[in-house]
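# Fold and geometry: a report
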Amino acid sequence: MDNGISRVDDGWDIRSMRGIGIGEVIIGNELRLHTGANRIEVHSPAELTTDHEAVPVHASTRTNLDRLPQLLDQVIAEVHAADSGSLRVRLANGWRLDVPVSSDAFGWVIGLRGSYFIRSLPGGGVRMPDGSRA
């Protein structure tokens, strides 16, 4: 069965999220973006680039949270998990959410269809559901 994840030269493209709008934005200790049965959780500092600016955002430290609800209803154009452990979410309107490598924590988690997930590792790298590391 196709899981919607494709291996590319420098990481993984999450095809199953392309063309889907962000239906729910949850801000708690982490940022959660829900797209149907799929989700992206951001646990570490990130950067949101809009048409006019690039701002740091971080849910648990309450940094620039007023920008995050603007992600609601935005359509995802690309989700790319680099082998280095960084994550790029590009939206159809040109905005981007970039999550760099986190040195001491899981920076992000992607869940597909409620269970299948790929996540970053502390200090860099990516872990796939079968336990393999990239």
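This report concerns the structure included in the present document. For every chain, the first residue of the written sequence is number 1, and numbering continues from 1 along that sequence. It should be noted that, the model being predicted, local features are given only for residues of pLDDT at least 70 and side-chain atom pairs only at 80 or more, the latter also being counted only at that level, while totals for whole chains, interfaces and linings use all residues. To get the side-chain values, all heavy atoms of the structure are used, and hydrogens and water are removed first.

### Points about the overall build of the protein chain
- Helix and strand content of the protein chain: zero helices and 13 strands.
- Each helix is a run of H or I in the DSSP string that is no shorter than four residues. Each strand is a run of E no shorter than two, and both are numbered from the N terminus. In sequence order, the secondary structure elements of the protein chain are arranged as β-β-β-β-β-β-β-β-β-β-β-β-β.
- For 134 residues, the compact-globule estimate of 2.2 N^0.38 gives 14 Å, and the C-alpha radius of gyration of the protein chain, at 14 Å, lies within 12% of that figure.
- The principal-axis extent of the C-alpha atoms belonging to the protein chain is close to 35 × 30 × 25 Å.
- Three exposure classes are used, based on accessible area relative to the maximum for each residue type with a 1.4 Å probe and protein chains only: buried under 20%, partly exposed in between, and exposed over 50%. Residues classed as buried in the protein chain amount to 46% of the 134 residues present.
- All accessible-area figures derive from a Shrake-Rupley calculation using a 1.4 Å probe, and residue coverage is judged against the displayed protein chains alone. On the protein chain, roughly 6500 Å² of surface is accessible, and the fraction owed to carbon and sulfur atoms is 48%. The atom set for the radius of gyration is the C-alpha atoms, and the globule formula is 2.2 Å times the number of residues raised to the power 0.38.

### Observations concerning the packing of aromatic side chains
- For this analysis, a ring pair means two rings from Phe, Tyr or Trp (six-membered ring only for Trp) whose centres lie within 6.5 Å, classed as stacked if their planes differ by under 30 degrees, edge-to-face if by over 60, and tilted for the remaining angles. As enumerated under the stated definition, the model contains zero aromatic pairs in all.
- Both a distance and an angle decide whether a charge sits over a ring: NZ of Lys or CZ of Arg must be within 6 Å of the ring centre and within 35 degrees of the ring normal. In this structure, R7 is placed above the aromatic ring of W12, and the distance from its NZ or CZ to the ring centre is 4.8 Å.

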